[in-house]
Amino acid sequence: MNNGAPAKTSMNLLGLELHPSPRLTDRPQLLPDLGIYYVGNDTLPVLRSHLKTYRVHDLLSLVSQVSSLRASRRTGFEERLKKAGVDTVSTLRDYQLALVVRVILEDEDEGQVRHIKPGLRELVHCCQLTTNVLCSADRLVSATSAGAGWSLIHRFAYQQFPDQEGERFLPRILAIYRKIAPSLCEHFGFSLSQVYQQKYGLNLDELWFLGFGLYSCVNAHPGNTFGPATLCQSKDFKSISPPLANRFLDLVSCTPAEYCSRLGEPNTGEQGFEPYNLNPLINWPLIKLGDQEYVLPLPRYLLYRVSSGVYYELVREDQGRFGGILGRAFEIYVGDILRDLPGVPELLPEQSYEIDGQKNVSCEWMIVDGESAVLIECKTRCLSALAKITGDRERIRADLARQHGVADGIRKLQAVKSAIERGATGLEMLGGVSRVFCLLVTLDDFYLPNGPDIRSIIDEELEARGEGRLTWDVQITDAGGLEWLAALLAKPGVRIADVMKRKVDDVTFREWDWKNFVPEVSEELCGGPVGPWLKIFDDVLEAFTGEMAEQFR
């Protein structure tokens, strides 16, 4: 491992096609397909009947080809689709392709004669049907389980939004897991890589390199199958032995039968939510077709698996210690992306203070900007898989109310805000502040957190604890939203106090996600578009590619 200056290597050494400049589709949105295909009938049988005629191997290869071409943004691919009349915004999306894979694998062992090789037009039609399946599923369950209609929007957001982020989550994950968390291990007495190697037979460097390298190989040869020899004989994998390659492939793959056995995990216990369930491809993104043959239907799922997916494995190994490392690493990350930005005049770390004879500690970060202050509290988790799958109000409430969860974070922010207003000892540096904004940031994706549904649940929980309801000066975002905000604050002349006032004082924007709000007001505030790309991302990617090249090539 290179402990000196990072080697100057190409950013796409491992196939990472990362783009600092925003595109129109980079802004998270509820896509047009949300309601286009909504009809009164359940069309899942129609989708099944289509897929039963296609050869499984051919369809998985076609899905892999299409997803690879879109993930790598291959020149001309989307233009060719448009010329063929394909709506590239609302079809052939990863979440749709994932449901197509699920349905064809569910029926794989039923012995049908599969004689048709599917083409792109057939795949487009199947993707259109998946949207209708999801809408139909909502119609079937909403009356008995889902409650209010907003739960459809909630469930669809957690279906659609994750694949809109593309690979932009990777620099964040590398910064938190590779750069920051390992530096904390000695203090916590817990080595992430050692625990992983003891459990799975390969260390984190090997996992990341093999995952990112295989992603690159698949994107270079869209739709092709591969095996251990791909990893062992490639010039890009010179130090990879056959046992290591097999351990990696076993860890991230499953057979069609194993895939089907893992459907419905976690199980809601209610019929109707199956189309929204977590797809096993999230944990096992490779499908093993034969003894030495694999296909990767959705390449980006492999990147999720070997980066953010590591957290879910390690937290099962030791939730207490690893949760502490991750929480502290995320706090440091938030400080790192805000520090030295032109729009952040003064960034203060956590402070001890005293109020009414009681000693307390403040939130993790406090920004002083003239007569305004912004308090920032960091949380790693927001909602469980079951809450995301169902949109069930009581499940969401239980997740937000759990110990050290979102509601506790809001309570802390409000307590610190009150202490500042009352002149608490230890917070004198904020004594000249006349307005205090609060921002709770989660590491987990958190969609629509400022909307009336999530805020009303938090209000009910706060009232049950004898706390005051939320004001609009309290905002919620996830790490991606904070990165959009940081990119805006990196522009000359933009100050955080002005951005917060614009967000909460205008009734148009109060409920908006930060990932939507920042692009909307960037022209007004800085005279042009911004994208959620920061210098820290360049640094962490340069270091990663340099370290991987030195260790494995």
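All values derive from a computational prediction rather than experimental measurement. Within each chain, residues carry numbers counting from 1 in the order of the written sequence. Local features in this predicted model are restricted to residues of pLDDT 70 or higher, and side-chain atom pairs are both shown and tallied only at a pLDDT of 80 or more, whereas totals for entire chains, interfaces and linings draw on every residue. Side-chain descriptors were evaluated using all non-hydrogen atoms of the structure, hydrogens and water having been removed beforehand.

As a further point, take the overall build of the protein chain. Looking only at helices and strands, one finds 24 helices and 10 strands in the protein chain. Burial analysis of the protein chain (553 residues in total) assigns 57% to the buried set. Here, residues are in contact when the closest pair of their heavy atoms is within 4.5 Å. Within the protein chain, contacts between residues separated by at least 24 positions form 77% of all contacts whose residues are at least 6 apart in sequence. Carbon and sulfur atoms make up 49% of the accessible area of the protein chain, which amounts to about 22100 Å² in all. Only DSSP runs of H or I with at least four residues qualify as helices, and only runs of E with at least two residues qualify as strands; both kinds are numbered from the N terminus onward. Buried, partly exposed and exposed residues are distinguished by accessible area as a fraction of the type maximum, computed with a 1.4 Å probe on protein chains only: under 20%, between the cut-offs, and over 50%, respectively. Per-residue accessibility takes into account occlusion by the displayed protein chains alone, with areas from the Shrake-Rupley method and a 1.4 Å probe.

Moving on to the sheet that holds strand β3 (residues 294-295). A pair of strands is treated as paired once DSSP finds two or more bridges between them. Taken in spatial order, the 3 strands of this open sheet run β1-β2-β3, and their pairing is mixed. Unpaired on one side and paired on the other, β1 (253-254) and β3 mark the two borders of the sheet.

With axes taken as lines fitted to C-alpha atoms, and helix axes fitted only over the stretch in contact, angles between N-to-C directions fall between 0 and 180 degrees. Direction vectors running N to C along helix α3 (residues 56-71) and helix α5 (residues 94-106) enclose 170°, while the axes themselves pass 11 Å from each other. When the interaxial angle is binned, α3 and α5 end up roughly antiparallel. Judged by residue contacts, Val-56, Leu-59, Leu-60, Val-63 and Ser-67 of α3 engage Asp-94, Leu-97, Val-100, Val-101, Ile-104 and Leu-105 from α5. Polar here means any residue outside two lists: the nonpolar Ala, Val, Leu, Ile, Met, Phe, Trp, Tyr, Cys and Pro, and the charged Asp, Glu, Lys and Arg; Gly therefore counts as polar. By residue class, the composition of the contact of α3 with α5 is 9 nonpolar, 1 polar and 1 charged. Between 65 and 115 degrees an angle is taken as roughly perpendicular, under 35 as roughly parallel, over 145 as roughly antiparallel, and anywhere else as oblique.

This paragraph deals with the nonpolar core. For our purposes a nonpolar core is just a set of buried Ala, Val, Leu, Ile, Met, Phe, Trp, Tyr and Cys residues, chained together by side-chain atoms within 4.5 Å. Membership of the largest hydrophobic core comes to 141 residues, with the highest contact counts inside it found for Phe-248 and Ile-376. At 11 residues, helix α8 (residues 169-188) tops the list of elements feeding residues into this core. Leaving out residues up to four positions away in the same chain, Ile-376 has contacts with Val-334, Leu-338, Cys-363, Glu-364, Trp-365, Ile-367, Leu-413, Leu-439 and Val-441. Core analysis: the next-biggest nonpolar cluster, separate from the first, contains 39 residues, Trp-150, Cys-382, Ala-424 and Ile-458 among them.

So, on to the layout of surface pockets. Where empty space is left can be seen by rolling a probe of water-molecule size over the atoms. Using only the protein atoms, space was sampled on a 1 Å grid; points where a 1.4 Å probe fits but cannot get out form cavities, open sets with protein on both sides within 12 Å along at least five of seven lines form pockets, and lining residues are those with an atom within 4 Å of a point. Grid points are joined across faces, edges and corners, and a volume is the space filled by probe spheres set on the points. In this structure, the largest pocket encloses a volume near 1700 Å³. What lines the largest pocket is a set of 50 residues, and nearest its centre among them are Leu-278, Ile-282, Tyr-312, Ala-385 and Lys-388. Examining the composition of the lining of the largest pocket, we find that 6 residues originate from one element, helix α15 (residues 309-317), more than from any other. Partitioning the lining of the largest pocket into residue classes produces 28 nonpolar, 9 polar and 13 charged.

Attention now goes to the pairing of strand β8 (residues 372-379). Summarising burial for β8: 8 of the 8 residues are buried, a large majority. By the bridge criterion, 5 bridges tie strand β7 (residues 365-369) to β8 in an arrangement that is antiparallel. Bridge pairing links Met-366 to Leu-375 in β8. Connecting the antiparallel pair β7 and β8 is a turn made up of 2 residues, with Gly-370 showing a positive phi of about 65°. Pairing of β8 with strand β9 (residues 435-442) involves 8 bridges; the strand directions are parallel. Note on β9: the bridge partner recorded for Val-374 is Phe-437.

Salt bridge, as used here, is a side-chain nitrogen of Lys or Arg placed within 4 Å of a carboxyl oxygen of Asp or Glu. Within the structure shown, the criterion is met by 29 salt bridges. Across the pair Glu-106 and Arg-48 runs a salt bridge, and its minimum N-O distance is 3.3 Å. Within this pair, whereas Glu-106 is found in helix α5, its partner Arg-48 is found in helix α2 (residues 44-51), the two being separated by 58 residues in sequence. Judged by relative accessible area, which is 22%, Glu-106 ranks as partly exposed. Each of the salt bridges in this network shares a partner with another, and the network as a whole consists of Asp-408, Arg-411, Glu-461, Arg-465 and Glu-467.

Here we take up the side chain of Gln-475. With respect to the helices and strands, Gln-475 occurs in strand β10 (residues 474-478). Two N or O atoms count as a polar contact when they lie within 3.5 Å, although within protein this holds only if one can serve as hydrogen donor and the other as acceptor, and sequence-adjacent residues are included solely when both atoms are side-chain atoms. Within the local environment of Gln-475, its side chain forms a polar contact with the side chain of Asn-450, the two groups lying 3.5 Å apart. From its side chain, Gln-475 meets the backbone oxygen of Trp-472 in a polar contact 3.4 Å long. Once residues within four sequence positions are removed from consideration, Gln-475 is found in contact with Cys-438, Leu-439, Leu-440, Asn-450, Arg-455, Lys-503, Val-504, Arg-510 and Trp-514.

Here strand β5 (residues 352-355) shows a buried face lined by Tyr-353 and Ile-355 and an unburied face lined by Ser-352 and Glu-354. Here β5 runs beside strand β6 (residues 358-361); their pairing, made up of 4 bridges, is antiparallel. Note on β6: the bridge partner recorded for Ser-352 is Val-361.

For the structure on display, the rule yields 2 cavities of 30 Å³ or more. Of the pockets and cavities examined, the largest cavity occupies roughly 100 Å³. If you go around the largest cavity, you meet 12 residues; those closest to its centre are Glu-165, Arg-168, Gly-480, Trp-484 and Lys-515. Residue contributions to the lining of the largest cavity peak at 3 residues, all from helix α21 (residues 479-489). For the lining of the largest cavity, the class distribution of residues is 6 nonpolar, 1 polar and 5 charged.

A word on the side chain of His-154. Tracing the backbone shows His-154 in helix α7 (residues 150-160). What makes His-154 buried here is its relative accessible area of 3%. Ignoring sequence-local partners within four residues, the contact set of His-154 consists of Leu-383, Ala-387, Lys-388, Gly-391 and Ile-396.

Two rings from Phe, Tyr or Trp (for Trp, the six-membered ring) form a pair when their centres are within 6.5 Å of each other. A pair whose planes differ by under 30 degrees is stacked, one over 60 is edge-to-face, and the rest are tilted. Tallied over the full model, the rule gives 12 aromatic pairs. Their ring planes at 15° and their centres at 6.3 Å tell us that Phe-226 and Tyr-294 sit as a pair that is stacked. In this pair, Phe-226 sits in the loop between α10 (204-220) and α11 (228-233) while Tyr-294 sits in strand β3, placing the two residues 68 residues apart along the sequence. Exposure class is identical for Phe-226 and Tyr-294. Each is buried.

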